[in-house]
Amino acid sequence: MQNKEIKLYSHFNHKFALRVTEGHFATTHSHINYYIDMTTLKVRQSEARSIAKIISKEYITSTYVDTIVCMDGCDIIGAYLAEELNSVGIMSMNQHQTIYIITPEVKTNGQLIFRDNIQPMVRGKHILLLVASTTTGKTIQKSLECIEYYGGIISGISSIFSAIDSVDGRPIHSVFTTKDLPDYKMYQHDECELCKRGEKIDAIVNSYGFTSYKDHVKES
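Residues numbered from 1 in each chain as written. Predicted model: local features only at pLDDT ≥ 70, side-chain atom pairs only at ≥ 80, totals over all residues. Heavy atoms only, no water.

Give me the lowdown on the sheet that holds strand 5 (residues 100-102), citing residues and values where you can.
On the basis of which strands lie adjacent, the open sheet formed by six strands has the order 5-4-8-9-11-10 and mixed pairing. Lying at the two open borders of the sheet, with one neighbouring strand each, are strand 5 and strand 10 (166-167). Of the strand pairs in this sheet, strand 9 (residues 153-162) and strand 11 (residues 170-177) are connected by five bridges, and their pairing is parallel. Along strand 11, the bridge assignment pairs phenylalanine 161 with phenylalanine 176. Sheet strands in contact with helix 4 (residues 138-149) are strand 4 (67-70), strand 8 (126-134), strand 9, strand 10 and strand 11, and its direction is about 160° off that of strand 8. (Pairing = 2+ DSSP bridges. Helix = DSSP H or I, 4+ residues; strand = E, 2+ residues; numbered from the N terminus. Contact = heavy atoms within 4.5 Å. Axes fitted to C-alpha atoms, helices over the stretch in contact; angles between N-to-C directions.)

Which residues make up the side chain of glutamate 84, and what values go with them?
Relative to the assigned elements, glutamate 84 resides in helix 3 (residues 75-87). At 4.7 Å, lysine 53 is the nearest oppositely charged side chain to glutamate 84, a buried residue that forms no salt bridge. Apart from the residues lying within four places of it in its own chain, the contact partners of glutamate 84 are Ala52, Lys53 and Ser56. (Buried < 20%, exposed > 50% of the residue type's maximum accessible area, 1.4 Å probe, protein only. Lys, Arg positive; Asp, Glu negative; His and termini not counted. Salt bridge = Lys/Arg side-chain N within 4 Å of Asp/Glu carboxyl O.)

Tell me what's going on with the packing of aromatic side chains, and back it up with residues and numbers.
Tallying each qualifying case throughout the model produces five aromatic pairs. Aromatic side chains phenylalanine 25 and tyrosine 35 sit 6.0 Å apart centroid to centroid with 55° between the ring planes, which places their arrangement in the tilted category. Taken as a pair, phenylalanine 25 in strand 2 (residues 17-26) and tyrosine 35 in strand 3 (residues 31-37) lie far apart in primary sequence, ten residues in all. Phenylalanine 25 gets classed as buried once you look at its relative accessible area, which sits at 0%. Three or more aromatic residues joined by ring pairs make a cluster, and in this case those are Phe25, Tyr35 and Phe210. (Phe/Tyr/Trp six-rings, centres within 6.5 Å; stacked < 30°, edge-to-face > 60°.)

Now, about the pairing of strand 9: what can you tell me, with residues and values included?
With eight of ten residues buried, strand 9 lies mostly within the body of the structure. Bridge analysis of strand 8 against strand 9 gives eight bridges, and the strand direction is parallel. Within strand 9, the position partnered with leucine 129 by the bridge is isoleucine 157. You can see the chain leave strand 8, run along helix 4 and come back into strand 9, and the turn it takes is right-handed. (Right-handed = clockwise from strand over helix to strand, strands pointing away.)

Could you give an account of the confidence of the model for the chain, with specific residues and numbers?
Predicted coordinates in regions of low pLDDT should not be interpreted in detail. For the chain, mean pLDDT is 90; residues scoring 70 or higher make up 95% of the total. Mean pLDDT across the secondary structure elements of the chain bottoms out at helix 6 (residues 213-219), with 52, and peaks at strand 4, with 98. (pLDDT = per-residue confidence, 0-100.)

Which residues make up the pattern of salt bridges, and what values do they have?
Going through the model one piece at a time under the given rule, you end up with six salt bridges. Of the charged contacts in the structure, one is a salt bridge between arginine 115 and glutamate 105, with a shortest N-O distance of 2.7 Å. Here arginine 115, found in the loop between strand 7 (112-113) and strand 8, pairs with glutamate 105, found in strand 6 (residues 105-106); they are ten residues apart in sequence, far enough to count as distant. Relative accessible area serves as the criterion here: at 41%, arginine 115 is assigned to the partly exposed category. Between arginine 170 and glutamate 148 there is a salt bridge, and its shortest N-O distance comes to 2.6 Å. Of this pair, arginine 170 sits in strand 11 while glutamate 148 is found in helix 4, placing the two residues 22 residues apart along the sequence.

Below, the structure written as structure tokens:
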């Protein structure tokens, strides 16, 4: 993918940034005009810890967090977030007074499940849902349905970047929003203005990264 990359610095902490590329990208649920690369934020120790510190500030007044459910490869951030929450006195009702960090299994049909050995970490627990990017909110909605199906109690939702403010009436706490990227656009697949203008898709993108559209077509 040859599109020019820019860096979007956080107003919370100017030491780290999102890598943002303008173009025409297809996700599972939509088409977007920016690809936001969070790779280093999720896997670089210093950046993951910085993100966790920012996210933790939203929950200083919370009563309990027993489990953090991590989506989109946010497990390292989730571990640092648990550490930050413990350090500011957020309580856990778990017997060992510490926080679980878990991720649901994704079946081939896209269904989310928790296996029997993980279910006790969800059932009756106060859950903080952590995701990388929120465009349409469908991933969050599916995650909430899964958590509630297994008896979890939603304590909060956090996203590194979010194009929306809430899902099902629940607020999304985010580090970056469309205020940081004002010309960010999201379109339904059949209503994409970029497609209507004849602009080719640059890449297929998801939480794992991107595959150039040419390579995707060859593989298909």
